[in-house]
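The primary structure of each chain is shown beneath.
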Amino acid sequence: MDTSFSERQSQGMFHLLIDIRYNGDGDDQFWMKGLLQYIADRHYRSGSNYKRR
C-alpha cells in the first residue's frame, strides 16, 4: 500500500473513492491497520463509549 499511495500522490491524485456497497462485513484489522492510515487526517474511533454498572 505504501508504494500504491505514494505513486498516486506523486501523480497528483488526491481523491479516492472506495465502493463498499458489497462489503460482506470485512476484516476490521485490514481497515484500521492498512488503509485508514493513508486516508484519515485525525484519530479514528470504531465505537462509542460505554460504562459497565
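Data block above holds the structure.
The sections below set out a description of the structure shown in this document. Just so you know, these numbers come straight off a predicted model, no measurement behind them.

Cut-offs used in this document
- Residues numbered from 1 in each chain as written.
- Predicted model: local features only at pLDDT ≥ 70, side-chain atom pairs only at ≥ 80, totals over all residues.
- Heavy atoms only, no water.
- Helix = DSSP H or I, 4+ residues; strand = E, 2+ residues; numbered from the N terminus.
- Buried < 20%, exposed > 50% of the residue type's maximum accessible area, 1.4 Å probe, protein only.
- Areas by Shrake-Rupley, 256 points an atom, 1.4 Å probe, with all protein chains shown as cover.
- Salt bridge = Lys/Arg side-chain N within 4 Å of Asp/Glu carboxyl O.
- Patch = residues over 30% accessible without salt bridge, like charges linked within 9 Å, V, L, I, M, F, W, Y side chains within 5 Å.
- Phe/Tyr/Trp six-rings, centres within 6.5 Å; stacked < 30°, edge-to-face > 60°.

A few words on the overall build of the protein chain. When you go through the protein chain residue by residue, the secondary structure sums to two helices and zero strands. Across the 53 residues that make up the protein chain, the buried fraction comes to 6%. Only carbon and sulfur atoms are counted for the fraction: they give 49% of the accessible area of the protein chain, which is about 5700 Å².

Attention shifts here to the pattern of salt bridges. On inspection of all chains with the given rule, the structure shows two salt bridges. The partner of Asp19 in a salt bridge is Arg21, with the nearest N and O atoms 2.5 Å apart.

A cluster of nonpolar residues, Leu16, Ile18, Ile20 and Ile39, forms a patch on the protein surface that exposes about 360 Å² of accessible area. With respect to the element layout, Ile18 can be found in the loop between helix H1 (2–10) and helix H2 (28–39).

For the rest of this paragraph, the subject is the packing of aromatic side chains. Remark: the centre distance and the inter-plane angle together describe each pair of aromatic rings, the angle taken between the planes. Tallying each qualifying case throughout the model produces one aromatic pair. On the numbers, 4.5 Å between centres and 5 degrees between planes, the contact of Phe5 with Tyr38 is stacked. Of this pair, Phe5 sits in helix H1 while Tyr38 sits in helix H2, and the two are 33 residues apart along the sequence. For Tyr38, a relative accessible area of 26% corresponds to the partly exposed category.

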